[in-house]
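# Overview (structure and organization)
One-letter residues, chain by chain:
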Amino acid sequence: MSPYEILAAGGLAAVLIALGLIASGRLSGGNALIAAMFAGAFAGFTAITVFKEGVLLVWANHTTSLWGVQVWWDLLIAVTLALFFIVPRARAAGMNVLPWIIFVALTASIGLLAMAARLFWLEKQAAAS
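Residues numbered from 1 in each chain as written. Predicted model: local features only at pLDDT ≥ 70, side-chain atom pairs only at ≥ 80, totals over all residues. Heavy atoms only, no water.

Here we take up the overall build of the protein chain. When its secondary structure is counted, the protein chain shows 6 helices and 0 strands. Going from the N terminus to the C terminus, the protein chain shows its helices and strands as α-α-α-α-α-α. Structurally, the protein chain occupies a C-alpha span of about 50 × 30 × 25 Å along its principal axes. For the protein chain, with 129 residues in total, the buried portion stands at 18%. Contacts in the protein chain between residues far apart in sequence, at least 24 positions, make up 61% of those at least 6 positions apart. Total accessible area on the protein chain stands at roughly 9500 Å², and carbon and sulfur atoms take up 74% of it. Charge separation in the protein chain, taken as the distance between the mean sites of 6 positive and 4 negative side-chain charges, equals 16 Å. (Helix = DSSP H or I, 4+ residues; strand = E, 2+ residues; numbered from the N terminus. Buried < 20%, exposed > 50% of the residue type's maximum accessible area, 1.4 Å probe, protein only. Contact = heavy atoms within 4.5 Å. Areas by Shrake-Rupley, 256 points an atom, 1.4 Å probe, with all protein chains shown as cover. Lys, Arg positive; Asp, Glu negative; His and termini not counted. Charge placed at Lys NZ, Arg CZ, Asp CG, Glu CD.)

Next comes the structure, spelled out in structure tokens:
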């Protein structure tokens, strides 16, 4: 296996574990620290990728084949759907959602993870008081 295949398989394994935990009902709420750690780790991985390969390759990867366009649309749909579900909770928790929506639009999962971390923290603070 190449290093890229190992990274891809590792991501798949992590998602399968997360989906199993979600399906099991063991998770009663979000964890701000875990979401923030994932946001930071993914931002770091993205920074390394941008430094090594440049930012313009993102567009090339998503416009050179039908699979590239399919993955691009999948990302856009998934991020939009996630925002559809998270924004009402964020508003209820007192977050100013417009800056977060812009951040998510510019960074996709990095911003979404950071937004979720902030939301989870605010909800925990509200529940504690």
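Here helix H1 (residues 3-24) is 22 residues long and its end C-alpha atoms lie 32 Å apart, about the 32 Å a rise of 1.5 Å per residue gives. Note on H1: the residue one or two positions beyond its end, glycine 25, has a positive phi of about 80°. (Expected span 1.5 Å × (residues − 1).)

Positive phi outside glycine occurs at alanine 108, with the angle close to 55°. Mapped onto the secondary structure, alanine 108 falls in the loop between helix H5 (97-107) and helix H6 (109-128).

A few words now on the environment of alanine 90. As for its placement among the helices and strands, alanine 90 is situated in helix H4 (residues 66-92). Considered as a pair, alanine 90 and alanine 116 are 26 residues apart in the sequence and their alpha carbons are 8.5 Å apart. For alanine 90, the residues in contact, after removing those within four places along its chain, are Met95, Val97, Met115 and Leu119.

So, about the packing of aromatic side chains. Enumeration over the complete set of coordinates arrives at 4 aromatic pairs. Relative to phenylalanine 85, the ring of phenylalanine 84 lies with its centre 5.3 Å away and its plane at 80°, an arrangement referred to as edge-to-face. Each member of the pair phenylalanine 84 and phenylalanine 85 is classed as exposed. (Phe/Tyr/Trp six-rings, centres within 6.5 Å; stacked < 30°, edge-to-face > 60°.)

A word on the packing of H4 against H6. Close contact between H4 and H6 brings their axes to 10 Å; oriented N to C, the two are set at 30°. For the element pair H4 / H6, the angle class is roughly parallel. Here the hand of the crossing between H4 and H6 comes out left-handed. For the pair H4 and H6, the contacting residues are Ala82, Leu83, Ile86, Val87, Arg89 and Ala90 in the first and Leu112, Met115, Ala116, Leu119, Phe120 and Glu123 in the second. Of the residues in the contact of H4 with H6, the class split is 10 nonpolar, no polar and 2 charged. (Axes fitted to C-alpha atoms, helices over the stretch in contact; angles between N-to-C directions. Parallel < 35°, antiparallel > 145°, perpendicular 65-115°, else oblique. Left-handed = near helix turned anticlockwise from the far one by under 90°. Nonpolar A, V, L, I, M, F, W, Y, C, P; charged D, E, K, R; others polar.)

The next point concerns the environment of alanine 93. Relative to the elements of secondary structure, alanine 93 occurs in the loop between H4 and H5. With residues up to four places along the chain from it excluded, the contact list for alanine 93 reads Leu119 and Leu122.

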